[in-house]
Structures are given as C-alpha cells and as structure tokens.
Amino acid sequence: MVALTKCTTQFLAWTASKGIETPLDLNERSDGSRYTTAKVDLDNTSNILQVPINACITSDSLDGLAERLAYERNLESKSEFKPYIDVLPILDGDNSYLATLPRFWESKRLERVADSGQLERRLMNDERKDLDQWALACVDSRANFLGDGRYAMTPFLDMINHDCSIQTRARIEEDKGFAGPGDILQLQSGKKYAKGSEVFISYGNLSNLDTLVDYGFVSDKNPCNTETIAVRMMGQQPFNLIVYADGSVDAGSKATLRYNLATPEELEIFSTIEKGTGLGILAKPLSDRNELDVQSFIASTIDEALYETKAGAAETKDDALINTYLSAREKLFKLAIERITNKFPGIEY
C-alpha cells in the first residue's frame, strides 16, 4: 500500500459529495492498481457499498454506455463525472492497466496463445471498431447490470476486486419520494471480513478466458473456470465441447456425440419415442458400445488440445499472463482425461 494519489483523493471527496457510502477504504499499490479493505469488522449481511443511481453513468445498452462514457470524457472539466473519469485506467503510460487486455496486444504476443484459437475468436466476436476503444474497454471491464434493463459505470464498485467464490448480492432501494436521493444501489459481499482485510465481490461465474479478455488477469485456481474446444466432424454441424472446473464435460456435447456416433440400429429408438419428447433420450447413454465411442472421442479431442496447450505453456514461461492462462487450461484438460480413464479403465483414445 502506498499514499493515495491526488486524483484518488479528489475522487473520494467527490464520492462523498454524491452520497456514496461505504465501510471500505480505497487503497493503492505501487503499480497503480487499487483494492479495498474493511474499515471495521463486517458480517455476511453488511452493506459494503451504497451508491445513488444518479451518481452512476447509465445507459440501456453496453454500446450506449461506452458512447456515454466517451461523451463525458470529452466534456473534460464540464462533466459532473470528471473526478471519476480521472481515476479510470488510461491506454498510455508505464502502468497502463488497459494494456494488459488482449485487445491491445501486438499480433506477435497473440500468436503465442496456444488455445486452439479460443482467444482469437473471442476477440473477433467482441470487436467494435465503431466505438471509442478506451471507453469500450472501460465498460467491458467495469460496467454492471442494474437489473432494471440498464447498465452502469458505478463509482467505487468497479474498484473492488473479483473472487468468484463470493456470493455477492445487489439490490436497488427505490426512492420513496420526499426529495430523497433517488434510487440507491446496495451491495452485500456475502462474506465476513475482519477489519483491515481485503474485500472482494464476484463479477460473475467467469472463466479464465472471460477474465483474460475483459479484465487482463487469470487465476490458476479459478473454481468457475471452463475450457472450450471447437469440434468439427465430417458431415456434421460443428459444436463446442466444454470442460468444467471439476473435469466433467457438458451434457450437450455428450448428447451430440451420442447421436453422431450412433449406429442405424441405435438411431431407430428415435422413431419410437413419443412426439414432442425431443432429444432428451440422449441425456443418457444409448448403449455400452456407443458410450465407449463417445468417451473415447472426447478423451482423444481433449488430449489433442492438451498437447497443443502443454507445448504453448512450455514456450511462454517468459510471459506470466499467457503462461498462467495456458497452464490452467493444461491442468483442467489433464483432470478431464483422468476422470474419463478412471470411469472407463483401459479406454483407448
């Protein structure tokens, strides 16, 4: 922890003037990052933040929010949100947090991410060249949904760090009139904290790919992580095979493979099921033979992705962020294969 910068001190004064209340202290590290700690002991029902909605920058869509944020920034000193905008991350500088986001990486660094193209496809899907890139990055990494159809950049909330194991609860206390402060967003962390300890909230059940793309960090012990492999079979529609944090594979992938790998005789069952039942029959194995083929295919697919990921991790030890991302992917794939081989001893793949 270091002394607060001038802009952070001004931001805290501004939050007080806007009616933002919190039992948390805002702290800074030498690299410019911020975190919050408890001023007092907190239980798992304590409100850790109360923010009047009129102190937030809001819009009905994320794109609209990015446009609104860019507009407020361009107003400079005329914007009522200037003290807040001044503490948002910048694109340039030695300690630019936004530079850690893959969307701003050079192509050579992106090419080192051996994840079967998952990061590349995600960046292509998220790309919006028509929007201000600084504003879009801030919105993607800091905005929250209010629950009434609007999205918000909520001052102070976006400086509380993420832990997906925390059961964060948020609600809006509606204005009762009588010249009150308006609707207020109230936040509970759902965990006990001792005075002085860092306080966390959950941004959602985010995979490592999610946190890498939108927040620029990866955890090697993310209980919410999932890894995806794009599967293409000759003559069939491509689909994504998803591996969960416990090494299990999503039911949709197994159902698709049971159908794709079924014999004509096994497929005859579909002509006998009641109309409207759909493909729910595929939630369970069609036969021992079919299920062995399905599990063998899954193990083979994961093993192939594992080989690529393991090689990529070995070649990126000089890049901690990419290496952590690939190493966690490698670890999860190994767990998935172990789970299959334990259940189907001697399975070939």
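Heads up: these notes are all about the structure in this document. Computed from a predicted structure; not experimentally measured.

### As for the sheet that holds strand β6 (residues 151–153)
Strand order across the open sheet formed by 3 strands is β4-β6-β5, with antiparallel pairing between neighbours. Each edge of the open sheet is held by one strand with a lone partner, namely β4 (57–59) and β5 (144–145). Sheet analysis places β5 next to β6, joined by 2 bridges and oriented antiparallel. Note that in β6 the partner of Phe145 across the bridge is Tyr151. Lying on the sheet, helix α2 (residues 62–75) is in contact with β4 and β6; it crosses β4 at an angle near 145 degrees.

### Structural notes on unusual backbone geometry
Although it is not a glycine, Glu76 sits at a positive phi angle of roughly 55 degrees. Using a relative accessible area of 56% as the deciding quantity, one classes Glu76 as exposed. Here Phe156, not a glycine, exhibits a phi torsion of approximately 80 degrees, which is positive. Tracing the backbone shows Phe156 in the loop between β6 and β7 (161–162). The class of Phe156 is buried, set by a relative accessible area of 2%.

### Notes on the packing of aromatic side chains
Two measures describe an aromatic ring pair: the distance that separates the ring centres and the angle between the ring planes. Within this structure, the stated rule accounts for 7 aromatic pairs. Aromatic side chains Tyr203 and Tyr215 sit 5.0 Å apart centroid to centroid with 35 degrees between the ring planes, which places their arrangement in the tilted category. On the criterion of sequence distance, the pair formed by Tyr203 in the loop between β10 (200–201) and α7 (208–215) and Tyr215 in helix α7 is long-range, its members being 12 residues apart. Assessed through its relative accessible area of 27%, Tyr203 is described here as partly exposed.

### Things to note about the nonpolar core
Among the nonpolar cores identified, the biggest contains 45 residues, and Ile48, Leu69 and Met153 are the most heavily contacted of them. Among the elements that line this core, the one with the most residues is helix α6 (residues 133–142), at 6 residues.

### Considering the state of the cysteines
Under the defined criterion, the tally for this structure stands at 1 disulfide. At a sulfur-sulfur separation of 2.4 Å, the disulfide partner of Cys164 is Cys224. Note on the Cys164 and Cys224 pair: the S-S dihedral is about 100 degrees, so by sign convention the disulfide is right-handed. With Cys164 in the loop between β7 and β8 (169–173) and Cys224 in the loop between α7 and β11 (227–231), the pair connects residues that are 60 residues apart, well separated along the chain. The two residues Cys164 and Cys224 agree in class, both being buried. Cys56 forms no disulfide, and the closest cysteine sulfur to it belongs to Cys138, at a distance of 15 Å. According to the relative accessible area criterion, Cys138 is buried, its value standing at 0%.

### Considering the pattern of salt bridges
All told, the structure shown has 24 salt bridges when counted by the stated rule. With its nearest N and O atoms 3.2 Å apart, the salt bridge here joins Arg34 to Glu28. Here Arg34 matches Glu28 in class, with each residue buried. For the salt bridge of Asp130 with Arg128, the shortest nitrogen-to-oxygen distance reads 2.4 Å. Of the residues examined, Asp130 reaches a relative accessible area of 54% and is grouped as exposed.

### A closer look at the environment of Ile172
With respect to the secondary-structure elements, Ile172 resides in strand β8. Between the alpha carbons of Ile172 and Gln236 there is a distance of 47 Å; along the sequence they are 64 residues apart. The contacts of Ile172, once residues within four sequence positions are left out, are Ile53, Leu146, Asp183, Ile184 and Leu185.

### Notes on helix α8 (residues 251–260)
Within α8, the full set of buried residues consists of Ser253, Ala255, Leu257, Arg258 and Asn260. On its buried face, α8 is in contact with β12 (239–243) and α10 (288–314).

### Observations regarding the sheet that holds β8
If you walk across this open sheet you meet the 3 strands as β3-β9-β8, and the pairing is antiparallel. Strand pairing shows two members of the sheet lacking a second neighbour, β3 (47–52) and β8, which therefore form its edges. Going across the sheet, the axis of each strand differs from the next one's by a mean of 20 degrees, ignoring polarity. Relative to strand β9 (residues 184–188), β8 is paired through 5 bridges, and the arrangement is antiparallel. Bridge pairing in β9 links Ala170 to Leu187.

Criteria and cut-off values
- Residues numbered from 1 in each chain as written.
- Predicted model: local features only at pLDDT ≥ 70, side-chain atom pairs only at ≥ 80, totals over all residues.
- Heavy atoms only, no water.
- Pairing = 2+ DSSP bridges.
- Helix = DSSP H or I, 4+ residues; strand = E, 2+ residues; numbered from the N terminus.
- Contact = heavy atoms within 4.5 Å.
- Axes fitted to C-alpha atoms, helices over the stretch in contact; angles between N-to-C directions.
- Buried < 20%, exposed > 50% of the residue type's maximum accessible area, 1.4 Å probe, protein only.
- Phe/Tyr/Trp six-rings, centres within 6.5 Å; stacked < 30°, edge-to-face > 60°.
- Core = buried A, V, L, I, M, F, W, Y, C linked by side-chain atoms within 4.5 Å.
- Disulfide = S-S within 2.5 Å.
- Salt bridge = Lys/Arg side-chain N within 4 Å of Asp/Glu carboxyl O.

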